[in-house]
Amino acid sequence: MAYSKEKDKLIEVIGTVEGPRSKIEVAIYSYDGAAPKIAITRYAEREDGGRGFQNLGRLTREEAEGLLPLMKTAGGKL
């Protein structure tokens, strides 16, 4: 089964954490009516003004500390 963007529904953006060269967003999504799940996405502004998505990979200490309360809030909303 291939991924279909039309089936991916954003429930709520919990918040964002500013990193040194990017932002990390914590949100809740539901795919095709399934149980909601937490999505953690890293993105950076591209030169053309759009968003360029990146591998979440490693976190700085500040990013990790910023993510913890957002993850706790998101977990409470599932």
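From a predicted model like this one, the values you see are computed outputs, not experimental measurements. (Residues numbered from 1 in each chain as written. Predicted model: local features only at pLDDT ≥ 70, side-chain atom pairs only at ≥ 80, totals over all residues. Heavy atoms only, no water.)

Colleague: Looking at this model, I keep getting lost on the pattern of salt bridges. Mind explaining?
Modeller: Oppositely charged side chains may form a pair once their charged atoms are brought near each other. A full pass over the atoms with the stated rule returns six salt bridges. With its nearest N and O atoms 2.9 Å apart, the salt bridge here joins Glu 12 to Lys 77. On the criterion of sequence distance, the pair formed by Glu 12 in strand E1 (residues 8–18) and Lys 77 in helix H1 (residues 61–77) is long-range, its members being 65 residues apart. Since its relative accessible area comes to 30%, Glu 12 is described here as partly exposed. Residue Lys 77 is classed as partly exposed on the basis of its relative accessible area of 44%. With its nearest N and O atoms 2.9 Å apart, the salt bridge here joins Glu 65 to Arg 61. Here Glu 65 pairs with Arg 61, and both are found in helix H1, just four residues apart, close to one helical turn. Under the relative-accessibility criterion, Arg 61 is labelled exposed at 64%. (Salt bridge = Lys/Arg side-chain N within 4 Å of Asp/Glu carboxyl O. Helix = DSSP H or I, 4+ residues; strand = E, 2+ residues; numbered from the N terminus. Buried < 20%, exposed > 50% of the residue type's maximum accessible area, 1.4 Å probe, protein only.)

Colleague: Sorry, what's going on with the sheet that holds E1 here?
Modeller: Within a sheet, each strand pairs with its neighbour through backbone hydrogen bonds, oriented either parallel or antiparallel. With antiparallel pairing, four strands are arranged side by side in an open sheet as E1-E2-E3-E4. Across the chains shown, the open sheet's two edge strands, defined by having one partner strand only, are E1 and strand E4 (51–54). Taking the axes of each pair of neighbouring strands and ignoring which way they run, one obtains an average angle of 40° across the sheet. (Pairing = 2+ DSSP bridges. Axes fitted to C-alpha atoms, helices over the stretch in contact; angles between N-to-C directions.)

Colleague: Got a minute to help me understand the nonpolar core in this structure?
Modeller: With eight residues, the main nonpolar core is built from Ile 14, Val 17, Ile 24, Val 26, Ile 28, Leu 67, Leu 70 and Ala 74. At the level of elements, E1, strand E2 (23–31) and H1 are the ones that each hand at least two residues to this core. In this view, Ile 24 contacts Gly 15, Thr 16, Val 17, Ile 40, Thr 41, Arg 42, Leu 56, Leu 59, Glu 63 and Leu 67; residues no more than four positions away in its chain are not counted. (Core = buried A, V, L, I, M, F, W, Y, C linked by side-chain atoms within 4.5 Å. Contact = heavy atoms within 4.5 Å.)

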